[in-house]
Amino acid sequence: MTPDTAAARRALADRLEAVGALTNPALRAAVEAVPREPFLRPGVFVPARRRWRPVTELGADPAEWVELAHSNRPLVTQLDGHLTADQVSAPVRGFPTASTTAPAPTVRMIDALDVEDGHTVLEIGTGAGYSTALLRHLLGERDVSTVEGDPEVTHDRVIATHAVRRIPYAWVQRTRPGGAILATIGTWPEGAGLARVTVAADGTADGRFIDRSTLPPARPEPPAARVGGLAARAGTAAPTRPAHVSPTLLNEPTPALLIQLAFPGAKFAVSIGADLESIHYLATPESVAEVADDTYGWTVHQSGPVALWDEVERILTAWQEAGRPDLTAVRLRITDRATHYWVDGHPALCWEHCAT
């Protein structure tokens, strides 16, 4: 018996509404109308005892396929940069390099985009295409295009479906005055924020972070490779000193985002040492800091032209003294020369990134 996919879509809409991700009646109608299973072809991988079990539309039990398609969770669609579920028939090892975003953050972003009839939308990063389908159900086929659209056309709304280090000024140029851009800034797993900016007639864009985000970067880096590379660099670090701020703060969303705003190219990783102590690594292309937990507390090694952990301590101390504001307190302004970030009333919490 063929599962009732309409019922599955209604159930998904109910779950999204229950978690507060779906409040717009028109968007709910889109979720109920657009099947998700076609956007999972040729298949997905699900966790199975430290391996990934392939599930495809043709090979799976129909009920399992529909349940997966309409579950509120991200689904892995590629391993190791090339392997898809239709290429294997048994569980395999690998690192996820592509996935579909869970429906909740997808519809939450579309809702925050505040689209109206007559708007044109540019989507940066089509991915599997589910969000594109929802947008086209809301606005019509002709009013939604992907990053491959005509570069001379401007749009009322721009939405990015993967995390970026900053919003490129080119996106501002592609947006009409009064239009909005919605993007996830920050590429660390626990330190990404959803930013919304409005474009002005003078070509600038102003806005703020409106929520946490869980969207990954376009091509995530395997944790093992990241830790291994940073550990090798930290081996040449300078002498030890006590760390005055715990590195575990960087596992929290707001501190992690603030440090990425200060160092947009920085990488952060955690490993467990031979004596089961945790070791945290923070690195930019030029500098590295290693913060380790030993018998006497946290200690830090630093090397390179920038004392990274000194800056981390300065920023996070200022954040704590400011009352630990949420990431939604962070504002941003984009011009053709730079992107500025700041927290109102706290001059120690401000950064400028020159356009490249």
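## Details of helix H1 (residues 5-18)
When the terminal C-alpha atoms of H1 are compared, their 20 Å separation across 14 residues agrees well with the 20 Å that a helix rising 1.5 Å per residue should span. Listing the buried residues of H1 in full gives Ala8, Arg9, Leu12, Ala13 and Leu16. Taken down its axis, H1 places every buried residue within 140° of arc, on the same side. Taken together, the buried residues of H1 touch helix H2 (25-33), helix H3 (62-69), helix H4 (103-113) and helix H5 (130-139). Taken from the residues just after H1, Gly20 is the one with a positive phi, measuring 80°.

## Quick word on the sheet that holds strand S13 (residues 278-283)
Pairing in this open sheet of 5 strands is antiparallel, and the strands run S11-S15-S14-S13-S12 from one edge to the other. Bordering the open sheet on either side are strand S11 (241-242) and strand S12 (267-272), each of which pairs with just one other strand. In the sheet, S12 pairs with S13 via 6 bridges, with the strands oriented antiparallel. Among the inter-strand pairings, Val270 is bridged to a residue of S13, identified as His280.

## Quick look at empty space enclosed by the protein
The full count for this structure, using the stated rule, is 2 cavities of 30 Å³ or more. What the largest cavity holds in volume is close to 50 Å³. Lining of the largest cavity is provided by Arg165, Ile185, Gly186, Thr187, Leu257, Gln260, Leu261 and Pro264. Looking at the lining of the largest cavity, the element that brings in the most residues is helix H8 (residues 253-262), giving 3 residues. Tallied by class, the residues present in the lining of the largest cavity amount to 4 nonpolar, 3 polar and 1 charged. If you add up the space inside the second largest cavity, you get close to 40 Å³.

Scoring rules and cut-offs
Residues numbered from 1 in each chain as written. Predicted model: local features only at pLDDT ≥ 70, side-chain atom pairs only at ≥ 80, totals over all residues. Heavy atoms only, no water. Helix = DSSP H or I, 4+ residues; strand = E, 2+ residues; numbered from the N terminus. Expected span 1.5 Å × (residues − 1). Buried < 20%, exposed > 50% of the residue type's maximum accessible area, 1.4 Å probe, protein only. Arc of directions from axis to C-beta. Contact = heavy atoms within 4.5 Å. Pairing = 2+ DSSP bridges. 1 Å grid on protein atoms, 1.4 Å probe; cavity = no way out; pocket = protein on both sides within 12 Å on 5 of 7 lines; lining within 4 Å. Points joined across faces, edges and corners; volume = space filled by probe spheres on them. Nonpolar A, V, L, I, M, F, W, Y, C, P; charged D, E, K, R; others polar.

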